[in-house]
Amino acid sequence: WSHNNWIYLGKDVNGINGWQAAINTVGLDEGSNYTIVAVAKDLAGNMDADVKFNAIVDATQPWLTVDPITSPVRDSAVTITWEGGDDLTGLDHYSLECSVNNGAFSSLEASLPASTTSYQMAASEAQLIVFKLTAYDKSGNKTEQLAPVYTDGYEFENSYIYPLYIFDD
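The text that follows walks through the structure, step by step, so that each part is easy to find. Just so it is clear, the structure is predicted and the values come from calculations on it, not from any experiment.

Spatially, four strands are ordered 6-5-8-9 in an open sheet, and the strand pairing comes out antiparallel. In this open sheet, the two strands that pair with only one neighbour each are strand 6 (106-113) and strand 9 (142-150). Ignoring strand direction, the axes of neighbouring strands in this sheet form an average angle of 20°. As judged from the five bridges shared by strand 5 (residues 91-100) and strand 6, these two strands associate in the antiparallel manner.

Structure (structure tokens):
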């Protein structure tokens, strides 16, 4: 075997929840040049192994670009559109939440397929809607973007204009 820099990753002695061992990749370079070897041994001493070549270490957040939504929305629905991706492991899914009129964020969709690039929701007059879109890659890394929009008839407090109101702490 030409690879001699082995790192012990862990051991599982209780298969009740499926045989697994946590892998800590802190300090390892990103890339697909790793090999993982899993060795199984039963109480009788029988052993078997499985090898995964080109295992990927991915600590980089996926990228996400949300298209601006023209306000005020005068229709009975608002559509958010976006693009996302991940260069190493690929996207796993998106989650989408929204806040209406400064309320708490609530889930619209917890697991949108990675191929999804838009979502439409019903809207009423005089609403301030803030979408929170989160992209997850297959390594569990995530990134999120906010997308604010207001509907016809919404009045901002303290005479703020829209961008200052949303992003002013």
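After that view of the structure, there is still more to cover.
Its place among the elements puts Ile-80 in strand 4 (residues 77-85). Overall, the relative accessible area of 0% leaves Ile-80 in the buried class. Along the backbone, Ile-80 and Asn-24 are 56 residues apart, and their C-alpha atoms lie at a distance of 36 Å. Residues contacting Ile-80, with those up to four places away along its chain left out, are Val-66, Ile-69, Leu-96, Thr-117, Ser-118, Tyr-119, Phe-131 and Ala-147.

With eight bridges joining them, strand 1 (residues 31-41) and strand 2 (residues 47-57) adopt antiparallel strand pairing. By the bridge assignment for strand 2, Ala-38 is matched with Asp-50. Between strand 1 and strand 2, which pair antiparallel one after the other, the connecting turn spans five residues, and Gly-45 there sits at a positive phi close to 90°.

What follows covers the environment of Ile-69. With respect to the secondary-structure elements, Ile-69 resides in the loop between strand 3 (63-66) and strand 4. As for Ile-69 and Tyr-150, which are separated by 81 residues in sequence, their C-alpha atoms are 9.1 Å apart. Aside from chain neighbours lying at most four places away, what touches Ile-69 is Val-78, Thr-79, Ile-80, Phe-131, Ala-147, Pro-148 and Val-149.

Looking now at the nonpolar core. Ranked by internal contacts, the top residues of the largest apolar core, which has 21 residues, are Ile-69, Val-78, Ile-80, Trp-82, Tyr-94, Ile-129 and Phe-131. Broken down by secondary-structure element, the contributors of at least two residues to this core are strand 3, strand 4, strand 5, strand 7 (118-122), strand 8 (128-137) and strand 9. Residues contacting Val-78, with those up to four places away along its chain left out, are Ile-69, Val-73, Tyr-119, Gln-120, Met-121, Ala-123, Ile-129, Phe-131 and Val-149.

This next bit is on the sheet that holds strand 7. Taken in spatial order, the three strands make up an open sheet running 3-4-7, and their pairing is antiparallel. At either end of the open sheet lies a strand with only one pairing partner, and these are strand 3 and strand 7. The average undirected angle you get between the axes of adjacent strands in this sheet is 25°. Examined bridge by bridge, strand 3 and strand 4 share four bridges and lie antiparallel to one another. Looking at the pairing, Trp-63 lines up with Gly-85 of strand 4.

Definitions and limits used
Residues numbered from 1 in each chain as written. Predicted model: local features only at pLDDT ≥ 70, side-chain atom pairs only at ≥ 80, totals over all residues. Heavy atoms only, no water. Pairing = 2+ DSSP bridges. Helix = DSSP H or I, 4+ residues; strand = E, 2+ residues; numbered from the N terminus. Axes fitted to C-alpha atoms, helices over the stretch in contact; angles between N-to-C directions. Buried < 20%, exposed > 50% of the residue type's maximum accessible area, 1.4 Å probe, protein only. Contact = heavy atoms within 4.5 Å. Core = buried A, V, L, I, M, F, W, Y, C linked by side-chain atoms within 4.5 Å.

Everything listed here is a matter of coordinates, which is why it stays silent on function.
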